[in-house]
Amino acid sequence: MPLYWRVCLINGLVFVAGTVALALAPVTVSATVLVSELVVLTFGLIGIVVLNSILLRTSLAPLDRLIRLMDTVDLQRPGQRLTVAGSSAVGQLLRGFNAMLERLETERSTSNAKALAAQEAERQRIARELHDEIGQGLTAVLLGLKQLSARVPAEAQADLRDVQDTARATLDEVRGVARRLRPGVLEDLGLHSALAALATEFSAHGLRVRRVTSPGLPDLGSERDLVIYRVAQEALTNVARHSDARTVRLALNRQGPVVLLTVDDDGRGLRGAAESTGIRGMRERALLIGAELTVGASELGGTAVRLEVPCEAAR
Ligand SMILES: Nc1ncnc2c1ncn2[C@@H]1O[C@H](COP(=O)(O)OP(=O)(O)OP(=O)(O)O)[C@@H](O)[C@H]1O
Ligand SMILES: [Mg+2]
């Protein structure tokens, strides 16, 4: 039944009930209304208004739920749906809204998957070019300098060594950037070694990184491995950039049906900071593999990032 007719029906029923009650009740209204009659009429009116509002409220309550969900829905936390009963116009509206959410979530996850795949491909391309073009070029420069060192006079040797040191440091830097862009160790040696390399890299920044991984974790496949790696990388970057922490714990364990990655620090905590590209990126990646990401307070006193990767789909 259309909403308009539903409201008319409810109002009509209430008016009929009021009229019947008035007809059957032993009440009379004088030409000049008496106070006692006024009291009865007032109570009658209140009864009608209350009954009407209760019936309308029950009938329109689903619309309130719809408006609330429309205000708060967040596509990064999929699966929020309205419960629908009946096939009234309101029910159809709720069902339509649920179907729209379903469509939006699917489209969003497809386009995110494409965007992240394109980002990874671009990173790989840049890493390859850095390694192959600039890396090879610098290696050639170093070889040239080495050959030159046999021929330059003794007073220029110190300067030459400085140039060699700079070229070597730049080569290391280029290799480091290429490695961060494309975690080759992930493909070559697997997730455990890649996380160990990450831990070592961040330890070099004056942070104490405690790595806790349990052996015998299921093989999650390259896509899940990459998500876990990228989440750990961003979480550790955030710890190094924002937390003033002294210690950070990087843990990967199995807990029942999930593999759990946690990055806990003992720093100053989130303090209500708004999520930006980094944390949103972690959420997007988690959604891609059906994992759940939470960022909150850590038992170590700072911030905790938890990524729960379901492993029933483990290969
Ligand atoms: N481990 C942490 N300790 C303290 N504050 C944190 C931590 N991680 C994140 N934050 C806070 O949360 C904010 C959002 O983090 P997010 O990674 O989304 O963005 P960002 O690091 O500022 O920038 P980027 O987009 O380059 O990652 C940060 O600006 C910071 O204030
Ligand atoms: Mg960040």
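Residues numbered from 1 in each chain as written. Chains lettered and ligands numbered in written order. Predicted model: local features only at pLDDT ≥ 70, side-chain atom pairs only at ≥ 80, totals over all residues. Heavy atoms only, no water.

K.L.:
Please set out the site of ligand 1 residue by residue, giving values where relevant.
P.N.:
Surrounding ligand 1, one finds 17 residues, the nearest of these being N238, H242, D265, S276 and I279. Within the contact set of ligand 1, an oxygen atom lies 3.0 Å away from a backbone nitrogen or oxygen of G278. Contacts to ligand 1 include I279, whose backbone N or O atom sits 2.9 Å from an oxygen atom. Among the elements of the structure, α7 (222-243) and α8 (277-288) are those that each provide at least two residues to the shell around ligand 1. The element that contributes the greatest number of residues to the shell around ligand 1 is α7, accounting for 6 residues. (Near = heavy atom within 4 Å. Polar contact = N/O pair within 3.5 Å; in protein donor to acceptor, adjacent residues only side chain to side chain. Helix = DSSP H or I, 4+ residues; strand = E, 2+ residues; numbered from the N terminus.)

K.L.:
Tell me about the domain arrangement of the chain, residues and numbers included.
P.N.:
Partitioning the chain into structural domains gives domain 1 (3-74), domain 2 (104-182) and domain 3 (185-315). Centre-to-centre, using C-alpha coordinates, domain 1 lies 77 Å away from domain 2. (Domains from an automatic or database assignment.)

K.L.:
Tell me about the coordination of the magnesium ion (ligand 2), residues and numbers included.
P.N.:
Coordination of the magnesium ion (ligand 2) by the protein involves E234 (OE) and N238 (OD1), with metal-donor separations of 2.1 Å. Of this pair, E234 and N238 are both found in helix α7, 4 residues apart, which corresponds to roughly one turn of the helix. Judged by its relative accessible area of 22%, E234 falls in the partly exposed class. Using a relative accessible area of 17% as the deciding quantity, one classes N238 as buried. (Donors = N, O, S within 2.8 Å, 3.2 Å for Na, K, Ca; no water. Buried < 20%, exposed > 50% of the residue type's maximum accessible area, 1.4 Å probe, protein only.)

K.L.:
Could you give me a rundown of the sheet that holds strand β2 (residues 247-255), with the residues and numbers involved?
P.N.:
Pairing is mixed in the open sheet, where 5 strands are placed in the order β1-β2-β3-β5-β4. In this open sheet, the two strands that pair with only one neighbour each are β1 (208-213) and β4 (292-297). The average angle at which neighbouring strand axes cross in this sheet is 10 degrees, direction not considered. The pairing of β1 with β2 spans 6 bridges and is parallel. Pairing of R210 across the sheet is with R249, part of β2. Against the sheet, helix α6 (residues 191-203) engages β1 and β2, with an angle of about 165 degrees to β1. Packing against the sheet, α8 makes contact with β4 and β5 (303-310), and its axis sits at approximately 145 degrees to β4. (Pairing = 2+ DSSP bridges. Axes fitted to C-alpha atoms, helices over the stretch in contact; angles between N-to-C directions. Contact = heavy atoms within 4.5 Å.)

K.L.:
Could you give an account of unusual backbone geometry, naming the residues involved and the relevant values?
P.N.:
Even without being glycine, D244 reaches a positive phi, approximately 55 degrees. Checked against the element boundaries, D244 lands in the loop between α7 and β2. The backbone of R271 sits at a positive phi, close to 50 degrees, despite the residue not being glycine. If you trace the backbone, R271 turns up in the loop between β3 (258-265) and α8. Among the residues examined, R271 registers a relative accessible area of 65% and is labelled exposed.

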